Amino acid sequence: MWPVGWEALGRWGDDAVRVERLAGGVANDVWSVRVNERLAVGRLGTRSDADLAWETELLRYLDRAGLTVPVPTPAADGRLFVDGLVVMTYLDGGPPETAADWRRVAGTLRELHRLTRGWPQRPGWRSSTDLLHAETGTRIDLGVLPAEGVARCRAAWARLAGRQTCVVHGDPNPGNVRMTASQVALIDWDESHVDVPDFDLVLPGNAAGLDDVAHDIAAQASAAWEAAVCWGDEYAVKRLAEVRAI
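Reading the values: rules and limits
- Residues numbered from 1 in each chain as written.
- Predicted model: local features only at pLDDT ≥ 70, side-chain atom pairs only at ≥ 80, totals over all residues.
- Heavy atoms only, no water.
- 1 Å grid on protein atoms, 1.4 Å probe; cavity = no way out; pocket = protein on both sides within 12 Å on 5 of 7 lines; lining within 4 Å.
- Points joined across faces, edges and corners; volume = space filled by probe spheres on them.
- Helix = DSSP H or I, 4+ residues; strand = E, 2+ residues; numbered from the N terminus.
- Nonpolar A, V, L, I, M, F, W, Y, C, P; charged D, E, K, R; others polar.
- Phe/Tyr/Trp six-rings, centres within 6.5 Å; stacked < 30°, edge-to-face > 60°.
- Buried < 20%, exposed > 50% of the residue type's maximum accessible area, 1.4 Å probe, protein only.
- Expected span 1.5 Å × (residues − 1).
- Contact = heavy atoms within 4.5 Å.
- Axes fitted to C-alpha atoms, helices over the stretch in contact; angles between N-to-C directions.
- Parallel < 35°, antiparallel > 145°, perpendicular 65-115°, else oblique.
- Left-handed = near helix turned anticlockwise from the far one by under 90°.
- Patch = residues over 30% accessible without salt bridge, like charges linked within 9 Å, V, L, I, M, F, W, Y side chains within 5 Å.
- Areas by Shrake-Rupley, 256 points an atom, 1.4 Å probe, with all protein chains shown as cover.
- Salt bridge = Lys/Arg side-chain N within 4 Å of Asp/Glu carboxyl O.
- Pairing = 2+ DSSP bridges.

Visitor: Explain the layout of surface pockets to me, please; I cannot follow it from the model alone.
Guide: The method is simple in principle: a probe with the dimensions of a water molecule rolls over the atoms, and the space it marks as empty is what remains. Its boundaries defined by the atoms lining it, the largest pocket holds a volume of some 1,300 Å³. Within the residue set of the lining of the largest pocket, elements represented by two or more residues are strand S3 (38-44), helix H1 (49-65), strand S4 (85-89), helix H4 (212-229) and helix H5 (234-241). Ranked by residue count, the leading element in the lining of the largest pocket is H4, at 4 residues. Partitioned by chemical class, the residues of the lining of the largest pocket number 26 nonpolar, 11 polar and 13 charged.

And the structure:
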């Protein structure tokens, strides 16, 4: 008997089975799975078909371009997602630990940005500069923030106006990086969307090598973004406190 929602895993074959729950945030139920006798990752969530089509197309494109990413595995009928379930390749490796590791991560992120200039926006999402005028976008609702906080966030994002946009991973924290001696893999593309590349480049030890002004712009915009996305918890309040008053 399949758990509720996981019945769709049967579309990947009669021998498909869940193995072990993995860390996947609050938005998804993520498990290692075995499909066609191979270890893979199954992610079950509530994203729309349009959203999942955007993400799976992006990941297949990046794989073909040479980046190491979780590649969607088609179901038996060729679909890349079924009833909110996506099955992807399992990637080995550990998190970045040294300054040199983080410089490799920065290089991978910059390659992502180079490869996706002009990419269409994820359905339903807004970029930071869209939110200079829009009130809502995906998990952001500026209407619930204090008015003074909204003004500070928009002032931080306004410093990005006019920049070229691309796909940003959106959450390149250590848990979303799998490193080996030969490769840097980025996993968990749930927060990926089209925005200014600066959001991916606020890395430990300034591994991206931003100058003081560029790092300040990126750090302020990132703090404002996380405050808006997470508003309602202590972390969001802490991040908003990092955004300078106007």
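After presenting the structure, the write-up continues.
Visitor: Looking at this structure, I do not really get the packing of aromatic side chains. What am I missing?
Guide: Working definition: an aromatic ring pair is given by the centre-to-centre distance plus the angle between the planes. Tallied over the entire structure, the rule returns 3 aromatic pairs. Pairing Tyr 61 with Trp 119 gives two aromatic rings, centres 4.9 Å apart and planes at 35°, and the pair type is tilted. Highlighted residues: Tyr 61 in helix H1 and Trp 119 in the loop between helix H2 (99-115) and strand S5 (136-137), separated in sequence by 58 residues. For Tyr 61, a relative accessible area of 24% gives the class partly exposed. Aromatic side chains Trp 157 and Trp 225 sit 6.2 Å apart centroid to centroid with 65° between the ring planes, which places their arrangement in the edge-to-face category. Of the two residues, Trp 157 is situated in helix H3 (residues 147-158) and Trp 225 in helix H4; the sequence distance between them amounts to 68 residues.

Visitor: Honestly, H1 in this entry has me stumped. Any pointers?
Guide: At 3.6 residues per turn, the α-helix brings residues three or four places apart onto the same side. Across its 17 residues, H1 extends 24 Å between first and last C-alpha, which sits within 8% of the 24 Å expected from 1.5 Å per residue. Of all the residues in H1, the buried ones are Asp 51, Leu 52, Trp 54, Glu 55, Thr 56, Leu 58, Leu 59 and Leu 62. Its buried side turned inward, H1 meets S3, S4, H2, strand S7 (166-168) and strand S10 (193-195). One or two positions beyond H1, positive phi appears at Gly 66, with a value near 110°.

Visitor: Hey, could you run me through the packing of H4 against H5 in this one?
Guide: The relative placement of two packed helices comes down to the angle between their axes together with the axis-to-axis distance. Two elements in contact, H4 and H5, have axes separated by 8 Å at closest approach and are oriented at 150°. Here H4 is positioned roughly antiparallel relative to H5, judged by the angle of their axes. Considering the relative orientation of H4 and H5, their crossing is left-handed. On H5, the residues touching Ser 222, Ala 223, Glu 226 and Ala 227 of H4 are Tyr 235, Ala 236, Arg 239 and Leu 240. Partitioning the contact of H4 with H5 into residue classes produces 5 nonpolar, 1 polar and 2 charged.

Visitor: What exactly am I supposed to notice about a nonpolar patch on the surface here?
Guide: A grouping of Val 17, Val 19, Leu 39 and Tyr 90 is seen on the molecular surface, where their side chains present a nonpolar patch of about 310 Å² in accessible area. The topology assignment puts Tyr 90 in the loop between S4 and H2. The class for Tyr 90 is partly exposed, based on a relative accessible area of 35%.

Visitor: Help me out: how do you make sense of the packing of H3 against H4 in this one?
Guide: Packing of H3 against H4 leaves a shortest axis separation of 8 Å and a crossing angle of 140°. With respect to each other, H3 and H4 are oriented oblique. Considering how the two elements wind past one another, H3 and H4 form a crossing that is left-handed. Between H3, through Cys 153, Ala 156 and Trp 157, and H4, the contact on the second element is made entirely by Gln 220, Ala 221, Ala 224, Trp 225 and Ala 228.

Visitor: Would you take a moment to explain the sheet that holds S3 for this structure?
Guide: Strand pairs in the sheet, formed through backbone hydrogen bonds, run parallel or antiparallel to each other. If you walk across this open sheet you meet the 4 strands as S1-S2-S3-S4, and the pairing is antiparallel. The sheet is open, and its two borders are formed by strand S1 (17-22) and S4, each paired with just one other strand. If you compare each strand with its neighbour and ignore which way they point, the axes differ by 35° on average. The pairing of S3 with S4 spans 5 bridges and is antiparallel.

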